[in-house]
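What follows is the residue order along each chain.
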Amino acid sequence: MGTYGHLTFLLLLLLHAPGTFVKSAALPDLPRIVTLSEDAAPGARVAEVAASCSNASSSPQVTLQRVESAVPVGSSVTPRNADPSHPFNPVAISADGVPASSFRAEVTLRAGAELDAHRVNWYALVLRAACPGEQEVTGQLFVRVTSGQALRCGFPFASTGGDVVRVSAGVAPRAPLYAVQAQPPGGLMFQLRNSGTPLTLTHQGLVLAPDGGFSPSKDTQTFRLEIEVMDRHGQNCSGVVTVEVLPSRHPRVTILAPQQDVVVPEGIGPLVVVTQVRASGANIRYAILAPTSPALFTIDEMTGEIRSTRRLEVASAQLLIQAYNALQPSDQDTIVLNVTVRGTDQRAPSCVPALYVSQVRETLSPGSTLVTLRCTDPAGDDGSLHYTLEGPPGSHSHFHMEGPQLKVNTTLDYDTEAMAAMGFQLTATIVVTAGGQPLRSTRIPVLVTVIPVNEFTPECPNGIIFTVSETAPFGSIVGRVVGTDRDRPPDSLEYSLEGGTGPAQPFSIDARTGEIRVVGPLGPPRRAGYRLTVRLTDTHNDLDPLNRRSRLCDVAVRLQAMPQRAPLCNPEVQELRITAGTGSRQPVTHLVCSGDPEGTTLSYAIVGGEEQPSTVICLFSTAEVLSRPSYAGNEDGHFRQEGSMLSYIPTGLAEPRTFVLLVEVWGSSGSPRRSTVLALVVHVTPRSTPVPPSTTTLHTTLQKEPLVVRRTELTWLPPAWFVAVLTATSALFLASLCCVAHSVLRSSRNLSKVLLSESSRDAAAQSSAREEERSRQAARSPSLSAPQPFDGRAHDPRTGRDYLFNSVTGARRWI
């Protein structure tokens, strides 16, 4: 077909001439000529071509059909000859991505390719593209090879004086000292032009130290190297390198022990370390010089460890060992080592004591010696005994061994949680080991019990202030003093009250719990409170029971004033009948009232009432009287209230009259004043008024309005499990306090009896005084009717008891 025919066919493919109906693969952007430098590295990309198929689902196959050496002439190319050893790789094809049917074919230089523009400066590459079911397409790619850069040696290697390298004489043999640099790199050859130097120049341009290293010298050694560099095209450059070898700063090799005697027991197996030779210096190596073929021992070249070569029996050997610098073998030192293998005694060392048990105080200072062991080695070598300590970490950390002495390492604090967790006992084991092989050891158990020391004084809580009602009854709990002590056990405090219990200090304290109770009346009135002094004394904190510490704590007890209640009178409504007599005054009734607190002085006054016609006889309740308008009821001074006694002043009445009086009873004069109003219905009959005969006496019982007392109590209904737990806990707590309370109650029993007897005598005296007052009133009232039997029965809402009463005299008797 010819060259021009190929070009015409390729042109038609590139132009996609209209009217062509045969589908074929396409190389649309195939370049005609590319330029490549002869310095291109292997693997460099030469050209990249696009390839595609008419069918979008097909993938083209692009291959390098052949390579020819050619020279383009005008618009044509004249091939020279085929080049089977061409420098190009097979075509690599990959998907381009956009569009999906587009692919890229890449031509690269193969590994080891060397281009020479002087030999071949043009290559013609014939590419063939094929798609399945389509016509193949071929095309030519021309590669022009241009000359590379001129060879240049690096600076200062190529300078007049050359480059200078300074190294130490202690460098390792064949260590790289210098690298010759030249541009462009690749395909360079290096040649040493001068001789007589111990240095070596490699094919890569590296200058190496001598094979045996530099000889040690106190002076600086100088070596001059003249090196020529040449590339594959024949271009060359040269330079000079001067190597200055400085004296080594490393010390000379010196064996630390010039002569050493080693004794080992028989029975040691092979490869067991017998001893070790140590030397100072740099790059140390070890060797056995004599005997030349050692039968019993060998030495580790790096570490100097001497090991057995077989199981040793009783024998002796003398070894000459050398330590030397591996980089400078002339730097060396020797040692004579005598090794003796002797028989062994299998008995373990014996120690006194064989068991150590002791008690120590917690204040024992660190560094104190607990025990000194006296141990002997049956083999006779007591100097080879080694003492170590074993045991639990919590105990082991408190001790350490200094030779045969067991010493305290840290403070043995009895009051810590860690010491309590160990039961205040420290255990350890002293291991005494004899040297040689096999190792022989004896174990000595150690048990140290830490005993407490009372170191700290009890501490008071801050701001102890309690509040109690001024009317608190006997046995009421005021509060609890909770002291603390840093010594163990934590609950070993004992409480006592300074000054004891008495009228000036009506309190007692529980010796174990610190609970303060009321044991007497909290008087006098309007007292703000009490200031108590409680002594805290620790117990059971020292092995010596007499070593006790105490502290005084101030306790403030504030009295809470209780609001006064209105006086209680019984009954609150009375209907009385009297016959007017003669004289200055006539007792009517004695009002029975009590104040709160007990013994309060009461005041009485007539504050109102009204006068009823004598023909109307009706009974009034307290509510009815108080709901009516109040009249003086005593304008003419018929009645007078003196204390609790109501008296009638005779004025010569002509006809029977009925008076309704309101008497107010109150206690202290504070504000607001709390009082009780009593209603008294008094029927006064003149002495001259005839009384119709009658055999029947009409007794009228005053109907009292029930007094309803409403009290609201806050209750808490706990769950059943809480009640069960609380009950069980309370039972255990009470049982534990029985023994403690027994001793306290025995001391306070006499005082309680005295106080109770005084209270009983006071109550009896008050009751007797009331009865005597009633008797005297009855005796001083001759005008009153004769004693009559009880004509009524009532219920006292305050006490819940029933009583009989006389509606005329007001007398009553409890049922």
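Note that this is a predicted model, so its numbers are computed, not measured.

Trainee: What is the right way to look at the packing of aromatic side chains in this model?
Mentor: On inspection of all chains with the given rule, the structure shows seven aromatic pairs. Ring geometry for Phe88 and Tyr123: centres 5.4 Å apart, planes at 85 degrees, overall edge-to-face. Here Tyr123 lies in strand 7 (residues 122-130) and Phe88 lies in the loop between strand 4 (76-82) and strand 5 (92-95), a separation of 35 residues in the sequence. Assessed through its relative accessible area of 3%, Phe88 is described here as buried. Judged by relative accessible area, which is 3%, Tyr123 ranks as buried. Measuring from centroid to centroid gives 4.1 Å for Tyr414 and Phe424, while their planes differ by 15 degrees, and the two rings are stacked. With Tyr414 in the loop between strand 33 (405-408) and helix 3 (417-421) and Phe424 in the loop between helix 3 and strand 34 (425-434), the pair connects residues that are ten residues apart, well separated along the chain. Among the residues examined, Tyr414 registers a relative accessible area of 13% and is labelled buried.

Trainee: What am I meant to see in unusual backbone geometry here?
Mentor: What is expected of a backbone is that most residues other than glycine have negative phi and most peptide bonds are trans. Omega for the bond connecting Ala290 with Pro291 falls within 30 degrees of zero, at -5 degrees, which places this linkage in the cis form. Within the fold, Pro291 resides in the loop between strand 22 (284-290) and strand 23 (297-299). Between Arg488 and the following residue, Pro489, the backbone shows a cis peptide bond with an omega angle of 0 degrees. The residue Pro489 is located in the loop between strand 37 (477-480) and strand 38 (493-497) in this model. One non-glycine residue, Leu271, lies in the positive phi region at around 60 degrees. Mapping Leu271 onto the fold places it in the loop between strand 19 (259-265) and strand 20 (273-276).

Trainee: Explain the pattern of salt bridges here, please?
Mentor: Here the idea is simple: oppositely charged side chains can pair when their charged atoms come close. Tallied over the entire structure, the rule returns 16 salt bridges. Taking the shortest distance from any N to any O, the salt bridge between Arg166 and Glu244 comes out at 3.0 Å. With a gap of 78 residues between them, Arg166 in strand 10 (residues 163-168) and Glu244 in strand 17 (residues 236-246) connect regions that are remote in the sequence. In the salt-bridge network here, residues are joined through shared partners; they are Arg45, Glu48, Arg104 and Glu106.

Trainee: It is not clear to me how the state of the cysteines should be interpreted in this structure. Could you clarify?
Mentor: Two cysteines joined by a covalent bond between their sulfur atoms form a disulfide. Counted under the stated rule, the structure contains five disulfides. Disulfide pairing is shown between Cys351 and Cys375; the S-S distance is 2.1 Å. For the disulfide bridge between Cys351 and Cys375, the dihedral angle about the S-S bond is near 115 degrees, and by the sign convention the bridge is right-handed. A residue pair is termed long-range when its members are at least 10 positions apart, and Cys351 in strand 27 (residues 350-352) and Cys375 in strand 30 (residues 374-376) qualify at 24 residues. With relative accessibility at 11%, the residue Cys351 sits in the buried group. Put simply, Cys460 and Cys553 are joined by a disulfide, and their sulfur atoms are 1.6 Å apart. Taking the torsion about the S-S bond as the criterion, the Cys460 to Cys553 disulfide, at about -80 degrees, is left-handed. Separated by 93 residues along the polypeptide, Cys460 in the loop between strand 35 (440-451) and strand 36 (464-469) and Cys553 in strand 42 (residues 550-560) bring together distant segments of the chain. Cys460 gets classed as partly exposed once you look at its relative accessible area, which sits at 24%.

Each value, and the rule that gives it
- Residues numbered from 1 in each chain as written.
- Predicted model: local features only at pLDDT ≥ 70, side-chain atom pairs only at ≥ 80, totals over all residues.
- Heavy atoms only, no water.
- Phe/Tyr/Trp six-rings, centres within 6.5 Å; stacked < 30°, edge-to-face > 60°.
- Helix = DSSP H or I, 4+ residues; strand = E, 2+ residues; numbered from the N terminus.
- Buried < 20%, exposed > 50% of the residue type's maximum accessible area, 1.4 Å probe, protein only.
- Salt bridge = Lys/Arg side-chain N within 4 Å of Asp/Glu carboxyl O.
- Disulfide = S-S within 2.5 Å.

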